[in-house]
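Coordinate analysis (summary)
As a plain string of letters, each chain reads:
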Amino acid sequence: MDMEWVNERKIRLDKPVNELDRFVLRFIRIIENYVDYVIISGYVAILLGRSRATEDVDLFVKPIEKKEFIKLYHQLKEAGFWCLNADDDDEVYSYLKDNIAIRFAIKGQTIPNLELKFPKNRLDWDAFAELIEVETKEGVIKICSLEKQIAFKMFYLGSDKDLEDAKHLEELFKDRLNKEKIKKYKDLIRVEYG
Amino acid sequence: MAKLKVSQDNRESRFFFVAYWAQYIKEHSDKEWGEQQNVLINSQMHNAKYYPFSPKKYLEMKGEKCLR
């Protein structure tokens, strides 16, 4: 395995970049000029080798003012993306402001799409505090911590697909994972979501 | 590398495969496992272009609102 931990917060990947990675990189190269982001959910396991595909890639972005968001939205449109939920600037922003996720895809397609949302609670915000940078051959992708990812998959989402994603990360990184941290997230998930 | 375990139970078999694949990644170069993973992912990306649903229909299936 060439996958290498450069430090506690950075992984270097030597794998050939695939079309899904390129789709994600193309999107985040634009949004990171406007706002901090962190990728959560299934794509994290896929980026780190899991043998499955996905139709959506979830990410948090920090709350952003409307004026700035509209600039970002226009740049995404110029780059060939469309928002599946709405077209109008005000309507697209109103989704986010109301804490509803919006989805972006390549214009004319619906999948794959990137599902973008503002963080709502402490657990969501934690994703930014403990993010990991994954350095691919074509750019850096920021993902949430592996412990948080595993805890959410195991103790909140819980479908077979999620449990398999969690197992993949556990098996691959068994020597590096902080089990106490997984337990901490498990407890926080119980408090936040019951 | 250990052999892939099999089970009569589909769910269990899938979990065995996840563990087997993680071990494969550990024992092979990123280039080797990446090329295999990319066959699966790139084919989905190719097929996505022919996915027939409009944003409205897709979001309806997801239980989400569409203002388009």
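Let us look at the structure shown here. The shown structure was predicted, so the numbers you read here are calculated from the model rather than taken from an experiment. (Residues numbered from 1 in each chain as written. Chains lettered and ligands numbered in written order. Predicted model: local features only at pLDDT ≥ 70, side-chain atom pairs only at ≥ 80, totals over all residues. Heavy atoms only, no water.)

Here the focus is the state of the cysteines. Within this structure, the stated rule accounts for zero disulfides over all chains. No disulfide involves A:Cys83; its nearest neighbouring cysteine sulfur is the one of B:Cys66, lying 8.4 Å away. Residue B:Cys66 is classed as buried on the basis of its relative accessible area of 14%. (Disulfide = S-S within 2.5 Å. Buried < 20%, exposed > 50% of the residue type's maximum accessible area, 1.4 Å probe, protein only.)

To locate leftover empty space, one rolls a probe as large as a water molecule over the atoms. One number sums up the size of the largest pocket: a volume of about 480 Å³. Along the walls of the largest pocket sit 20 residues, with A:Ile40, A:Phe60, A:Lys117, A:Phe152 and A:Tyr156 positioned nearest its centre. Secondary-structure elements contributing two or more residues to the lining of the largest pocket are strand S4 (56-61), strand S7 (113-117) and helix H6 (146-157) of chain A. In terms of residues, the lining of the largest pocket owes the most to one element, H6(A), which gives six residues. Its residues placed into classes, the lining of the largest pocket shows eight nonpolar, four polar and eight charged. There is about 220 Å³ of room inside the second largest pocket. Lining the second largest pocket are A:Glu19, A:Arg22, A:Phe23, A:Arg26, A:Ile106, A:Gln109, B:Asn42, B:Met45, B:His46 and B:Lys49. Within the residue set of the lining of the second largest pocket, elements represented by two or more residues are helix H1 (19-31) of chain A together with helix H2 (30-48) of chain B. Among the elements that line the lining of the second largest pocket, the one with the most residues is H1(A), at four residues. (1 Å grid on protein atoms, 1.4 Å probe; cavity = no way out; pocket = protein on both sides within 12 Å on 5 of 7 lines; lining within 4 Å. Points joined across faces, edges and corners; volume = space filled by probe spheres on them. Helix = DSSP H or I, 4+ residues; strand = E, 2+ residues; numbered from the N terminus. Nonpolar A, V, L, I, M, F, W, Y, C, P; charged D, E, K, R; others polar.)

To continue, consider unusual backbone geometry. Residues and elements named next belong to chain A. Pro112 follows Ile111 through a cis peptide bond whose omega is -5°. Residue Ser41 is not a glycine yet carries a positive backbone phi of 70°. Position of Ser41 among the secondary structure elements: in the loop between strand S3 (37-40) and helix H2 (42-47). Taking relative accessible area as the criterion, Ser41 reaches 17% and is therefore assigned buried. One non-glycine residue with positive phi stands out, namely Asn99, at about 60°. Tracing the backbone through its elements, the reader meets Asn99 in the loop between helix H4 (89-97) and strand S6 (102-106).

Residue position: A:Ala53 is located in the loop between H2 and S4. Overall, the relative accessible area of 23% leaves A:Ala53 in the partly exposed class. Sequence-wise, A:Ala53 and A:Ile102 are 49 residues apart; in three dimensions their C-alpha atoms are separated by 21 Å. With residues up to four places along the chain from it excluded, the contact list for A:Ala53 reads A:Ile46, B:Leu40 and B:Gln44. (Contact = heavy atoms within 4.5 Å.)

The interface of chain B with chain A comprises 39 residues on the first partner and 46 residues on the second. Regarding the contact of chain B and chain A, the summed buried area is about 3700 Å², with carbon and sulfur atoms giving 59% of it. Of all residues in chain B, B:Lys26, B:Asp30 and B:Arg68 give up the largest surface area on contact with chain A, accounting jointly for 17% of the area buried on that side. Here chain B and chain A share five salt bridges between them. In this structure, the salt-bridge partner of A:Glu55 is B:Lys62, at a minimum N-O distance of 2.7 Å. Its residues placed into classes, the side of chain B that touches chain A shows 19 nonpolar, eight polar and twelve charged. (Buried area = accessible area lost by both parts, 1.4 Å probe. Salt bridge = Lys/Arg side-chain N within 4 Å of Asp/Glu carboxyl O.)

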